[in-house]
Each structure stands twice: as C-alpha cells, then as structure tokens.
Amino acid sequence: MIQVQNLHKTFGSFTALHDVSLDVAEGELLALLGPSGSGKTTLLRILAGLDFADTGSVLFDGGDATHVAARDRGVGFVFQHYALFRHMTVFDNVAFGLTVRPKGSRPGKKEIAERVHHLLSMVQLEGMAGRYPSQLSGGQRQRVALARALAIEPKVLLLDEPFGALDAQVRKELRRWLRHLHDELKITGVFVTHDQEEALEVADRVVVMSQGRIEQIGSPTEIYDNPATPFVYQFLGNVNSLECRVRGGEARIGDLRLPAPDYHGVEDAPGQAFVRPHDLLLSPAGDGVGVLARVLHVTVLGPVVRVELAVGDQVLEAETTRQRHSELKLAAGQSLRVWPRQARFFLKDGWPEGKGFEVGGELMGEGAGI
Amino acid sequence: MPGSNLNSRQESLVSRVLLILAAVIVLALFLLVPLVTVFIEALSKGLDHYLSALVEDDALASIRLTGLTALISVPLNLFFGLTASWCIAKFEFRGKSLLLSLIDLPFSVSPVISGLVFVLLFGLQGWLGPWLSDHDIRLIFAVPGIVLATVFVTFPFVARELIPLMEEQGTEEEEAAVVLGAGAFRIFWRVTLPNIKWGLLYGVLLCNARAMGEFGAVSVVSGHIRGLTNTMPLQVEILYNEYNFASAFAIASLLALLALVTLAAKSALEWRFGVRRGH
C-alpha cells in the first residue's frame, strides 16, 4: 500500500534518515519503534507530506507521491500534543476536514453533522460536541483528534507518539482501544513510539530504528525472540551484555566456555554475548554446573525475583521465580552457579571497538537441567 | 523570639508603605499632574474658547491630517506586521534574523533621524529628489512624506506583538489543517487569525496611539505649512510658540483623551487576553 524507497534526509549536518526503505501492507498496523533521534518521526512526517526527503521516493498504491503536498495525500495525522483548533468546538474540529473541501465535493450541512456525530460516538464522546478543547482531558482531546483525522476517510492513518502526552493508565487504555478501532475500521495505520511495550502490544509488525537506520522489521514475537542486531537486543527488554572471545567454535566469557557452532571457522575474534535475565539458570554452588557467582542483591518484584550477581569482575542480572528463590534461599553474599540456557553472540568487526556486527551463533544449554 | 518577629514585621510594613508612597508620588508628579494640567490649561479661558479653538481652521486641518495619517499607516502596518510575523513564526528561511533586526530598526533609531533619512532620500536635494520633481511628485513637505515617516516609525508595533505570540503557539495547528486538506488562505483565516486576534488588536491599538502622537519624524518631513502639513502634535507646537497657550492645550487635551482611551482599551484587552507582555 505504501512503499518507501531509499529515503535520505538531512537537517543541516545531522542525518535523520540513511537510505531507508520500507513497505507498509494494506490494512496493517505498523509501529515505528526507536529512541529519540532514531528518525522515526521524520519518516512519519515524510509519509504525511509535512516534510520532504532529500532523495528517495514514497509511493502510495504504486503512484508516486514523493512530491505531493500534504493536503492532497488523503492521509490522517494525529499529533502527540493533539493540535486541536483551540478556538473551535469539538464539533467544528471534527468537521473541519469536511468543511474545507472545495464546493464540488463538500457534503451538505446535514450530512456533515451526521458524520461528525457518528465519529464522536465511535470515539465515545457523544454529547461533547459543544465543548472546547480546553474543557477536555488529555485522553478526550486525543480521541477528538482521532475523530478529526478519520473524518476525511483517509487511506492511511499516521500517529506521532499519540499517547506520549498522557499518563500511564490512560495510555494503556487508549492503546488497546486504538487496536480495537483499527480492527473494526480495517484502516492502514502507522504509529511512532519509543515505548517498546506499546509497540509489541499493539502493532502487527514493528520497525525498529536507530540513528536513521532500520535495525529490524518483523512481528512483535519475531523481533523479541530473534533480535537481528545488538541494538535490537538491548532496546527490547532487559539483557545482559558480555564481552567474549570467539575461538575455534567456542565463545569464552571469562571462565565460561559456550559452544558457538556457527563460528567454527573463526580463529580468534572479540565478540559480544547477549543473555536475557530469565535465561540465566541458577543452581546451588555445590552442583558443579556453570560458573561460580556471588549474589550481590536480591529484589522481589511481585511474581519475579531479580538477582544481581558478580561473575568474576562482571555484574549480571538474572530473573527467576519466587519458587526458585525459596528453593535456593537466595541472599546477598551467597555463592551460586550460573549457566545461560540461551545466548546469542555477535562478532565485532575490527579492533578495538566493533563497528559492524554479524549475526552470531546460538547456544542451547545442556547442563543444569532446570 | 516573638518580640523581634513583631519588630521585623512592623519594619517591613513601614518600608512597604514608604515604597508605595514613593511610587505614588513619582507617578503623580510625572504622569498625573501633567495630564491634569493639560485639561486645566485647556479650559483656562473657558469652555467657549476651548471649543472655538478646536473648530478653528488650522486646528481642524491638523485633526483631519492626523486622522488621515493614522487611517493609512495603521492598516498598512497591520498588513506588514501580520505578514512579517507569519513568515517569521511559521517558516524557516535564511535571512530570518536579518528581518527581525530590520523590524526593530525604527525602535533603535531616533525619530528625528528617521525623518531626516526621508528628507535625504526624497527631498529636493536628496538622492531621488531630481527624479521626483521631474515627475512632479512631492513627498517631503507634503502629506505623503508625513504618512511615509509615520509608517516607518510605527512599523514594529504589530510585528513585535505578534511574533512572540505566534512563535509560542507553534505550527502544529496549521500542520493539522494542512493534512486535513485546507489551502493556505483557509488556514490563515480559520486557524491562525482567530488564535492571534487579541494580540493583533493590542498591536493595532499601540500602533494607532503612536501614529497619532508622533512628533519627531513628522516634524522633520512636514515643513510645518499651516493648514496643510501640520498634524495635531505639530499644531500644538506652533500654537505654543505663539504663546497661544489655551488653544495649544485645547488640542493637546484631545491627544491626552486619546491616550486615556488607549490606556483603557489596553487594560481591557490585557484583562481579556491575560498573560505575559513581551516588551
């Protein structure tokens, strides 16, 4: 439905987008996820026509829309801070897109009123038509903004951190509600967020971006379970990042030697290992499987227990269940053995600091049996 | 130490009262007394003299000229100010800071110098003087020159009022309107203008007050031709120099009334408009 090809955008000496290409399928809800400065908002604005790329093209349904003005694109845009017309009532705000249509295609007053009321009831704000934006809460304002964007029946809905300005509870409610609305209307949607929980919960596919480049595109499960780059690994969820050396089909992290079958041919190279906290298996010191570690700190967080461990001079974070915690009688100063059930390695290109990373090998732990 | 507390509270009360008294005295001396004096002097020869001074030929001519000048310069500066503010607040372009400095220029230059510059440009011995007289156009020592000088001097008022206001309001509402399909004029009329209407009115009020009261720049370009090129402030000067005090003050009282009306409207707008003033 939307094809983005080789977009490049700079602001002065700052490059916001480096050769970005992307396809948005019809009817899908796509998330652009990344930290500030990753270029996600710039990309969204280029899709809307509020900004224009230096080079590259944007195609809507095969037609070249690269230089088409925003007002002619037929997209809906929802801003982080709502951007409601402050001196117009809710009704006039939602009706705006319809009232500025040229005389020929403008619906009659009655039809406009019907459409506005229909939209307001869809966003659960019937009865608010006569209010002004300053009289509404943040969540209500954003729903008006959504109704306003939908009023012109856009081909695609673009949302720029739509829930960023709202408090946590409202944010959670509205994101679920947005998903329902999307499923009901079957409209194509692209939204920008820096909240990985939001992206993973709401989107059909997630585009992870960093520093103007796309790191990975995939379904929420895909990118969480199989991160393609260290950045994605570290951005989604907690992870332990460890220096290691890959040599002769093995990765060595201190005293720990882990099989790395994908790297059979590698003589000796520095690398980075990633292990999720819940993939670190803990066992009593006497059992002999894994590496010796000393417990630094134990934090009980509801159903999970976070354990800070010292392995040699590295500090690791492990996550385990309450049950395991009581089995092992975890306490600060205690000695344990630690073994990763699953780890992923990336080689560093060049020395001393890594520039590029190659997708590494995976390990399934055989020991411990936990 | 309740005793010393009481002392310090008493002391601060005393110093507070003294400060307020000092401020009131200064205000009274420099503002109230002159204002009241204008009206007292104007009516010193009685109401009849006051009224006849106002309807005297030269006086009427000066009132008409002041009115005409304001009628031309205020809408012109409204247009310039609005356009400049819109460009500066809503767009990025090279030379933006240059434009901002230019807008502030009339404020930093002495009004007399402003008038002099026009004489040097358009006067008979000026740069464009010969060209103008060849085409039989009189700017200096004629009404057009007065209007020109007034436009220059009152240029910044609307812009300086609108620029911080529009910058603070940002461009998001306009961007939303663009994506919804509105054209440039529609956006300006329905989105931008309603958001700035109070600031605009305020700027126009200030611009008008200055346009009617300007002395220095107009004095240099006017030529002081009675009945033709005298605005009200200039007429007051002429009458005063002829020792015709009561008549001078009569016209001055009109300007004073204008000042009071402007002040009242300004306060009403500030109360309605609320918030912080940028100057």
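Residues numbered from 1 in each chain as written. Chains lettered and ligands numbered in written order. Predicted model: local features only at pLDDT ≥ 70, side-chain atom pairs only at ≥ 80, totals over all residues. Heavy atoms only, no water.

Visitor: Explain the packing of aromatic side chains here, please?
Guide: Given two aromatic rings, one states the distance between the centres and the angle between the planes to describe the pair. Residue and element names in this part refer to chain A. One pass over the structure, following the stated rule, counts 16 aromatic pairs over all chains. With 4.6 Å between their ring centres and 55° between their planes, Phe 85 and Phe 96 make a pair best called tilted. Highlighted residues: Phe 85 in the loop between strand E6 (75-78) and helix H2 (90-99) and Phe 96 in helix H2, separated in sequence by eleven residues. Accessibility expressed as a relative area gives 0% for Phe 96, which makes it buried. Seen in terms of ring centroids, Phe 274 and Phe 346 are 5.6 Å apart; in terms of plane orientation they differ by 75°. Their pairing is edge-to-face. With Phe 274 in strand E14 (residues 269-275) and Phe 346 in strand E20 (residues 342-348), the pair connects residues that are 72 residues apart, well separated along the chain. Accessibility classification places Phe 274 together with Phe 346 in one group, the buried group. Clustering of aromatic rings is evident, with ring pairs tying together Tyr 233, Phe 274 and Phe 346. Positioned above the aromatic ring of Phe 85 is the side chain of Arg 148, whose terminal nitrogen or guanidinium carbon lies 4.6 Å from the ring centre. The ring of Tyr 224 is capped by Arg 276, whose NZ or CZ atom sits 4.5 Å from the centre of that ring. (Phe/Tyr/Trp six-rings, centres within 6.5 Å; stacked < 30°, edge-to-face > 60°. Helix = DSSP H or I, 4+ residues; strand = E, 2+ residues; numbered from the N terminus. Buried < 20%, exposed > 50% of the residue type's maximum accessible area, 1.4 Å probe, protein only. Lys NZ or Arg CZ within 6 Å of the ring centre and 35° of its normal.)

Visitor: It is not clear to me how the sheet that holds strand E9 (residues 205-210) of chain A should be interpreted in this structure. Could you clarify?
Guide: Two modes of strand pairing occur in sheets, parallel and antiparallel, and in both the strands are linked by backbone hydrogen bonds. Residues and elements named next belong to chain A. With mixed pairing, the six strands of this open sheet are ordered in space as E6-E7-E8-E3-E9-E10. Strand pairing shows two members of the sheet lacking a second neighbour, E6 and strand E10 (213-218), which therefore form its edges. The sheet shows a mean angle of 15° between the axes of neighbouring strands, taken without regard to direction. The pairing of strand E3 (residues 29-33) with strand E8 (residues 188-193) spans five bridges and is parallel. Each bridged residue has a counterpart across the sheet, and for Leu 29 the counterpart in E8 is Gly 189. Each of E3, E6, strand E7 (156-160), E8 and E9 touches helix H1 (residues 40-48); the most contacted strand, E7, lies at about 145° to it. (Pairing = 2+ DSSP bridges. Axes fitted to C-alpha atoms, helices over the stretch in contact; angles between N-to-C directions. Contact = heavy atoms within 4.5 Å.)

Visitor: Would you mind showing me how to read the layout of surface pockets here?
Guide: Remark: the empty space left among the atoms is shown by a probe the size of a water molecule rolled over them. Of the volumes computed, that of the largest pocket is approximately 630 Å³. As for the largest pocket, its lining consists of 20 residues, of which Leu 50 of chain A together with Lys 90, Phe 91, Thr 171 and Glu 175 of chain B are closest to the centre. Those elements that place two or more of their residues in the lining of the largest pocket are helix H3 (57-90), helix H9 (172-179) and helix H10 (184-213) of chain B. When the residues that make up the lining of the largest pocket are grouped by side-chain class, the tally is eleven nonpolar, two polar and seven charged. (1 Å grid on protein atoms, 1.4 Å probe; cavity = no way out; pocket = protein on both sides within 12 Å on 5 of 7 lines; lining within 4 Å. Points joined across faces, edges and corners; volume = space filled by probe spheres on them. Nonpolar A, V, L, I, M, F, W, Y, C, P; charged D, E, K, R; others polar.)

Visitor: Help me out: how do you make sense of the nonpolar core in this one?
Guide: Nonpolar side chains in soluble globular proteins tend to end up buried together. With 46 residues, the main nonpolar core has Val 94, Leu 120, Leu 146 and Val 206 of chain A as its most contacted residues. Broken down by element, this core gets its largest block of residues, seven residues, from helix H4 (residues 138-151) of chain A. Contacts of Leu 120 of chain A, omitting those with residues within four sequence positions, involve Val 90, Val 94, Leu 125, Glu 126 and Ala 129 of chain A. Counting residues in each nonpolar core, the second largest holds 44 residues, with Leu 22 and Leu 43 of chain A together with Val 178 and Ala 182 of chain B among its members. (Core = buried A, V, L, I, M, F, W, Y, C linked by side-chain atoms within 4.5 Å.)

Visitor: Any chance you could explain the pairing of E7 of chain A here in plain terms?
Guide: Along a regular strand, successive side chains alternate from one face of the sheet to the other. Residues and elements named next belong to chain A. The element E7 is largely enclosed, with a buried count of five among its five residues. Alternating residues of E7 divide into Val 156, Leu 158 and Asp 160 and Leu 157 and Leu 159, and every residue in both groups is buried. In terms of strand pairing, E6 meets E7 through four bridges, oriented parallel. Pairing of Val 78 across the sheet is with Leu 159, part of E7. Where E7 and E8 come together, five bridges link them in parallel fashion. Residue pairing for E8: Leu 159 is matched across the bridge by Phe 191. Note on the crossover from E7 through helix H5 (residues 168-185) to E8: the handedness is right-handed. (Right-handed = clockwise from strand over helix to strand, strands pointing away.)

Visitor: Explain the pattern of salt bridges to me, please; I cannot follow it from the model alone.
Guide: Once their charged atoms are close, side chains differing in charge can pair, the charge on each being opposite to the other. Applying the stated criterion across every chain yields a total of 21 salt bridges over all chains. In this structure, Glu 175 of chain B engages Arg 45 of chain A in a salt bridge whose closest nitrogen and oxygen atoms are separated by 2.7 Å. Of this pair, Glu 175 of chain B sits in helix H9 while Arg 45 of chain A sits in helix H1, which puts the two residues in different chains. Across the pair, exposure class does not vary: Glu 175 of chain B and Arg 45 of chain A are buried alike. Salt-bridge contacts for Asp 104 of chain B lead to Arg 160 of chain B; the nearest nitrogen and oxygen are separated by 2.9 Å. (Salt bridge = Lys/Arg side-chain N within 4 Å of Asp/Glu carboxyl O.)

Visitor: What is the right way to look at the interface of chain A and chain B in this model?
Guide: Interface size is commonly expressed as the accessible surface area that is lost when the partners come together. Counting residues at the interface gives 24 residues for chain A, matched by 19 residues for chain B. Summing both partners gives a buried area of about 1900 Å² for chain A against chain B, and 58% of it is carried by carbon and sulfur. Inspection of the region where chain A meets chain B yields seven residue pairs in polar contact (both at pLDDT 80 or more). Mapped by element, the contributors of at least two residues to the side of chain A that touches chain B are E6, H2 and H4 of chain A. Its residues assigned to classes, the side of chain A that touches chain B comprises 13 nonpolar, five polar and six charged. (Buried area = accessible area lost by both parts, 1.4 Å probe. Polar contact = N/O pair within 3.5 Å; in protein donor to acceptor, adjacent residues only side chain to side chain.)

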